Each structure stands twice: as structure tokens, then as C-alpha cells.
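So you can see what is in the structure, the chains are spelled out below.
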Amino acid sequence: MSKPTTLALIVDDEPDICELLELTLLRMGIDCYTAGSVTSAKAVLLQHPNIDLCLTDMKLPDGNGIDLVQYIQARYPDTPSAVITAHGNMESAVQALKAGAFDFVSKPVDLGMLRTLVTTALKLSPKHQQAQQASTLSLLGESPAIAETRAIITKLARSQAPVHISGESGTGKELAARMIHEQGARAEHPFIAVNCGAIPNELMESEFFGHKKGSFTGAATHKEGLFQAADGGTLFLDEVADLPLNMQVKLLRAIQEKAIRPVGELQESSVNVRILSATHKDLAKLVKAGQFRQDLFYRINVIELQMPALRERAEDIPLLIAHILKQLSHEAEETAATLPTLDERALAALRQYPFPGNVRELENILERAMTLCEQGNISCEDLQLIAAPSPELPDPTLAASPPDDSHHQPLDPLLGDIEKQSIVKALEQAKYNKTAAAKLLGISFGALRYRMKKLGL
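The structure presented is a predicted model; accordingly, all values stated were derived computationally and were not measured.

*Asks:* For this particular structure, what's the right way to read the environment of Met-90?
*Replies:* With respect to the secondary-structure elements, Met-90 resides in helix H4 (residues 90–99). With relative accessibility at 14%, the residue Met-90 sits in the buried group. C-alpha of Met-90 to C-alpha of Ser-106: the two residues are 16 residues apart in sequence and 9.2 Å apart in space. Once residues within four sequence positions are removed from consideration, Met-90 is found in contact with Phe-104, Gln-256 and Arg-299.

What follows is the structure in C-alpha cells.
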């Protein structure tokens, strides 16, 4: 069976640029059609609807590249398009990405970067996706809110535009970022996640851009930075609001120029990285307060993805409970026959709980309840919910007002200490026979092993 022909449409009213682009693509084994205007490009697309990629200049005699991008998005959604912008005109580039362009390249066109862009874009073509592995990640739930989020993620995966993922803590922002990466054209390359708030200020530049041996005290070897590690793939900046202002300037330059300079090096080196970011803070408010640079905000927030809170999709709670309990049982080496269950009052309490910590809090609650429960049956008391409702008659349809969290104190460290003391006492009493200790605690051997590992015992 012969390999399908790859077709590209080049749109530019300058014959020299058209010729250069066509020659570059022909050397990559791609057949090309050319057009000098928006009108003629539409005519080519009408005649050849199986075009795999469109490269268009921004300024055209009868319109601009963004008009053509929007036309292609509406009528040929499987065809990625890229825009050629004037050097340094980031505003046009951002407008093109917002309009649905896969990516952009600046004049004068760097042919190496162009080849990388074309190779990446073609991986999105239906002709070239048949061998691509399906994503192993998913957002569980059947609610309209989570269904819409999944649909948006699928759409964002077909672009190279920077995406900012907002939402409360525990809503799955990193999972969404990984899904965008895994469903996109960069799936075969690294996904590098970094917590911007966890890097000491004095090491931040070295961590992001790397350093040369001997560039500062303690630099005993050459070090690859996060941008180099993510080259060809995706760099996920978690808690991006925690970046200090001086680092925001350097990050902005790296994103705009698609190049970095390691500490101690004289020359910049180009990097091909898609930027995804996330924070639970309100970046727009931080910009107004002067705590976050407006130009960086504009650059990373080309498209925003808002993750729904768990209380906004309460109908998904039973499904999430079943999934989490199965996962926790597997980690604790439990069998399917001993899968923990919730009684009606416990399930009703969880349905009414406001979950300030969202899905992550649900995971922690169930993990704790598995340890405390008797014979795999989780009661309302085992959940130990903060200001938890205790309905006498369970009614899943009842709506509860969120409790006052103004005096909320984290109990996990305290409960962890109590749990650790209980396990140690049981082990001592059983002369360190884990099976006997598990019986004393009223939990399974697998659950004891899991808790000991979790608590560092």
C-alpha cells in the first residue's frame, strides 16, 4: 500500500517567499499548491479539500492571514494552519493563535524552525494519525461541565497556542495539561512539569535555562535546563503566579524568541517548546496589583481553560468515589472481592459536602476512611468531614450551604501523627507481626502495608 501524498497550501503575494517555502516543503516530500490572495486560497481549498497544511502570510492583497485561518477553522477543521508574521510583531502572532492558527513563524523565515513546525503540524492530519496511540489519561465524569472541559481539551490539543489553566486547588489542572500534551502532536516528546513556587530564587535561572560548567560557585558540571529538557515537547509551568518579577522578564523573552541562553554562555540556542501554565490565583488581579507582568500574562494567556470545581459537578461524585476506592485498593494490594463500600449516610454526606479542596480532597478523605473503617464498610464517621452534615435520612437531591471555612484548620498532619502512633503501638503489641497488627487495628494486611509506606514507617 503506497504512502498517501502530503499536500500543503502556501499563501503569499511575494513570489520569492512562495518559491522558498515551496522548495523547502518539496525537499520534505510535501507537494504544494500556491496562492497569492485570500480569494485564490479559498478557490484552491474548494478544489482540493484534502489539503494537510496551510502556510499563510499575515498581509494579503484582499485580506489578512487571520481571515483565512478563521475560514479554514470553520470549513476544514482537520487542516492545521500557520501564519507568517512580521519580525517582532507578537500582537499579530497572538491574534493568529486566538483565531485558531496551529502556530506562527516570523520573517525572515528560519527554515529549520519552519521544518519543525511543518513536521509537528502534519502529525495532526487524519492521514498521519492512524498509528498514533490513544491517550491513556482522562477526566472522569458525565456532568455537562466535565464533558465540555474534555471537548475543549481535545480542541486545544490541535494547537500550539499557549494555554493558561485556571481553577481552584485540586481540580485537576496538571491532569488537563498532560491530556493536552498527550492528545497533541508533541505526544512523542517530553512533558516537563515544574512547580514555579518550589524553586529557590537564586537557582531559578539555572533551573529554567541551564548553566555552563564554572559559571558560578558550585557549577561543577554543565547542566541542562527545563527548556532544553522539554525541547520538542511541552513545558508546564504550575503555580506560575509565584514567579518573581525578574524571572518573569527572562521567561517572556525565552517564550517570544523561542531561544534561551544558559547561565555563563555567550550564545543563545533555539528551543521548540509549547508552554502550558496554571495557577489557582487570579492572574488578572495580580497584574492590576503590579505583582505579575502584563506582557507575560498576555503571552501565556492566549487561551484560558477554566477547570470546574467539584461542587459544580456533584453528580460525578459517585463515579469518582468508585474509581478512587478501586485505585486505592489496588495500591494497597486489596482484591476486587474486598473493595471498600460506603453506607448510605456516608454517600449522602459526601454528596452534600462542598469540597473546598475538590477532587484531591475527596481522594484524601477516602484514603483516610479506608484506614479507619471496619471490615471494608465506610461509615459517615469514618469520613471525618470538616463541618460535615449528618443527615438522618439520606437524600442525594438535598442541597447544602457551604460551611464557613474562615476558621478551617488542616487536620491531615494531626491525623497522620495519631495514625502513626496507633500503628506503632499495634506493631509493638503484636511483636512486629504485621498480620497480627492488622487484626488488632481492624484493617486488612494490604491496607496496613499501604499505610505504613504512606507514613514512612
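*Asks:* Is there a simple way to explain the sheet that holds strand S6 (residues 81–85) in this structure?
*Replies:* Whether parallel or antiparallel, the strands of a sheet pair through hydrogen bonds between backbone atoms. Taken in spatial order, the 5 strands make up an open sheet running S2-S1-S3-S6-S7, and their pairing is parallel. The sheet is open, and its two edges are formed by strand S2 (31–35) and strand S7 (103–106), each paired on a single side. Neighbour-to-neighbour, the strand axes of the sheet open up by a mean angle of 20°, direction not taken into account. Judged from the 5 bridges that link them, strand S1 (residues 7–11) and S2 form a sheet pairing that is parallel. Residue pairing in the sheet places Leu-7 in a bridge with Asp-31 of S2. Sheet strands in contact with helix H3 (residues 65–75) are S1, strand S3 (53–57) and S6, and its direction is about 160° off that of S3. Along the sheet, H4 makes contact with S6 and S7, crossing S7 at roughly 155°.

*Asks:* Please explain helix H2 (residues 38–47) as it appears in this structure.
*Replies:* An α-helical turn contains 3.6 residues, so any two residues separated by three or four positions project in the same direction. Within H2, the full set of buried residues consists of Val-38, Ala-41, Val-44 and Leu-45. Seen from one end, H2 has its buried residues packed into an arc of 120°, which puts them on one side. Exposed positions of H2 whose direction lies more than 90 degrees from the buried face are Thr-39, Leu-46 and Gln-47. In this structure, the buried residues of H2 make contact with S1, S2, strand S4 (59–60), strand S5 (63–64) and H3.

*Asks:* Teacher, can you tell me more about the nonpolar core here?
*Replies:* Within soluble globular proteins, side chains that are nonpolar generally end up buried alongside one another. Formed by 31 residues in total, the largest nonpolar core has its most connected members in Phe-208, Phe-227, Leu-235, Leu-237 and Phe-292. Elements that contribute at least two residues to this core include exactly strand S9 (191–195), helix H8 (204–209), helix H9 (226–229), strand S10 (234–238), helix H10 (245–257), helix H11 (283–288) and helix H12 (294–300). Broken down by element, this core gets its largest block of residues, 5 residues, from H10. One finds Val-359, Leu-362, Cys-373 and Leu-385 within the second-largest nonpolar core, a separate group that totals 23 residues.

*Asks:* Any chance you could explain the packing of helix H1 (residues 15–27) against helix H5 (residues 111–122) here in plain terms?
*Replies:* A packed helix pair is summarised by two numbers, namely the angle formed by the two axes and the spacing between the axes. Packing of H1 against H5 leaves a shortest axis separation of 11 Å and a crossing angle of 60°. When the interaxial angle is binned, H1 and H5 end up oblique. Where H1 crosses over H5, the handedness of that crossing is right-handed. Side by side, H1 and H5 meet where Leu-20, Leu-21, Thr-24 and Leu-25 of the first sit next to Leu-111, Leu-114, Arg-115 and Val-118 of the second.

*Asks:* Can you help me understand the pairing of S10 in this one?
*Replies:* Along S10, 5 of the 5 residues are buried, which leaves the element largely enclosed by surrounding structure. Here S10 shows two buried faces, one formed by Thr-234, Phe-236 and Asp-238 and the other by Leu-235 and Leu-237. Looking at chain direction, S9 and S10 are connected through 5 bridges and run parallel. Residue pairing for S10: Ile-192 is matched across the bridge by Leu-235. In the sheet, S10 pairs with strand S13 (residues 274–279) via 5 bridges, with the strands oriented parallel.

Definitions and cut-offs
- Each chain has its residues counted from 1, following the order in which its sequence is written.
- Since the coordinates come from a predicted model, pLDDT governs what is reported: local features require at least 70, and pairs of side-chain atoms require 80 or more to be given and counted, while whole-chain, interface and lining totals use all residues.
- In computing side-chain values, all of the structure's heavy atoms are included and hydrogens and water are not.
- To qualify as a helix, a DSSP run of H or I must reach at least 4 residues; to qualify as a strand, a run of E must reach at least 2; elements of each kind are numbered from the N terminus.
- Here's how the labels work: a residue is buried when its accessible area is under 20% of the maximum for its type, exposed when over 50%, partly exposed in between, all with a 1.4 Å probe on protein chains only.
- Residue contacts follow a heavy-atom distance rule, with two residues in contact if any of their heavy atoms lie within 4.5 Å.
- DSSP-based pairing: two strands are paired if at least 2 bridges between them are found.
- For helices, the fitted axis covers only the stretch in contact; all axes are lines through C-alpha atoms, and the angles between them, taken along N-to-C directions, range from 0 to 180 degrees.
- The arc in question is traced by the directions running from the helix axis to the C-beta atoms.
- As used in this record, nonpolar core signifies buried Ala, Val, Leu, Ile, Met, Phe, Trp, Tyr and Cys residues forming a set joined through side-chain atoms within 4.5 Å.
- In these notes the angle categories are as follows: under 35 degrees is roughly parallel, over 145 is roughly antiparallel, 65 to 115 is roughly perpendicular, and the rest is oblique.
- It is the rotation of the near helix from the far one that decides the hand of a crossing: anticlockwise by less than a right angle makes it left-handed, clockwise makes it right-handed.

Everything listed here is a matter of coordinates, which is why it stays silent on function.
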